[in-house]
Each structure stands twice: as C-alpha cells, then as structure tokens.
Amino acid sequence: MQDTQLLNEGLALMGLGMGFVFVFLTVLVIVTTLMSKAIGRFFPEPPAPAATGNRRPPAPRQDDDVMVAITAAVHRYRRRHRR
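Residues numbered from 1 in each chain as written. Predicted model: local features only at pLDDT ≥ 70, side-chain atom pairs only at ≥ 80, totals over all residues. Heavy atoms only, no water.

1. Details of the overall build of the chain
A count of helical and extended segments in the chain gives 2 helices and 0 strands. Counting across all 83 residues of the chain, residues that qualify as buried make up 0%. Total accessible area on the chain stands at roughly 8900 Å², and carbon and sulfur atoms take up 65% of it. (Helix = DSSP H or I, 4+ residues; strand = E, 2+ residues; numbered from the N terminus. Buried < 20%, exposed > 50% of the residue type's maximum accessible area, 1.4 Å probe, protein only. Areas by Shrake-Rupley, 256 points an atom, 1.4 Å probe, with all protein chains shown as cover.)

Below is the structure:
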C-alpha cells in the first residue's frame, strides 16, 4: 500500500469519525432540549407564594455553647493537621 493511499484512508476515517460524533452530539442536544420542554409542560413548577406585607422571617437562634464547641473543634483539627 502506498503512503498517499494510506494517508487518504486515514483522513477519510477521521472525517467519518468526527462526522459521526458531531451528528451524535447534535441529536443529543436536540433530544435533551425536547425532554426539558416536555417535562416543563407536563410538570410545571408550582408558583411561589406571594409575600404578604413587610414581614421578615425569624432569625435563627444561635446557641452560644454550640458555636463555642464548633470553634474549638475546628481549631483542634487545624492544629493537628498542619502541613
């Protein structure tokens, strides 16, 4: 087999492979988009509840003992695992 013939077959095989991958990825994007639209149509997200007035959500209660324990644990961990 001549070198030019081998090179031509290699380039043809490369073009075929790249073409197949391009078509596959294009079909994958189209199918994913269609599935997303179908899910959005048949299972819509529930509407968010309307905010009433200027109420603020209650601030979470911070337990000082828990914060001290977490701080001590982080400090001990960092002290033991220094590089």
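2. Some points on the UniProt feature "transmembrane region" (unreviewed entry) in the chain
On the UniProt side, "transmembrane region" (unreviewed entry) is annotated at positions that read residues 12-34 here. Across residues 12-34 one finds 100% helix and 0% strand; the C-alpha atoms that close the span lie 33 Å apart. (UniProt positions renumbered as here; feature names shortened; annotations may be inferred.)

3. Description of a positive patch on the surface
A contiguous patch of positive charge, built from Arg-76, Arg-79, Arg-80 and Arg-82, is present on the exposed surface. One can find Arg-80 in helix α2 (residues 64-80). Arg-80 gets classed as exposed once you look at its relative accessible area, which sits at 62%. (Patch = residues over 30% accessible without salt bridge, like charges linked within 9 Å, V, L, I, M, F, W, Y side chains within 5 Å. Salt bridge = Lys/Arg side-chain N within 4 Å of Asp/Glu carboxyl O. Lys, Arg positive; Asp, Glu negative; His and termini not counted. Charge placed at Lys NZ, Arg CZ, Asp CG, Glu CD.)

4. Focus: a nonpolar patch on the surface
Judged by side-chain polarity, Phe-20, Val-21, Phe-24, Leu-25 and Leu-28 come together as a nonpolar surface patch covering roughly 520 Å² of accessible area. Among the secondary structure elements, Leu-28 is positioned in helix α1 (residues 3-42).

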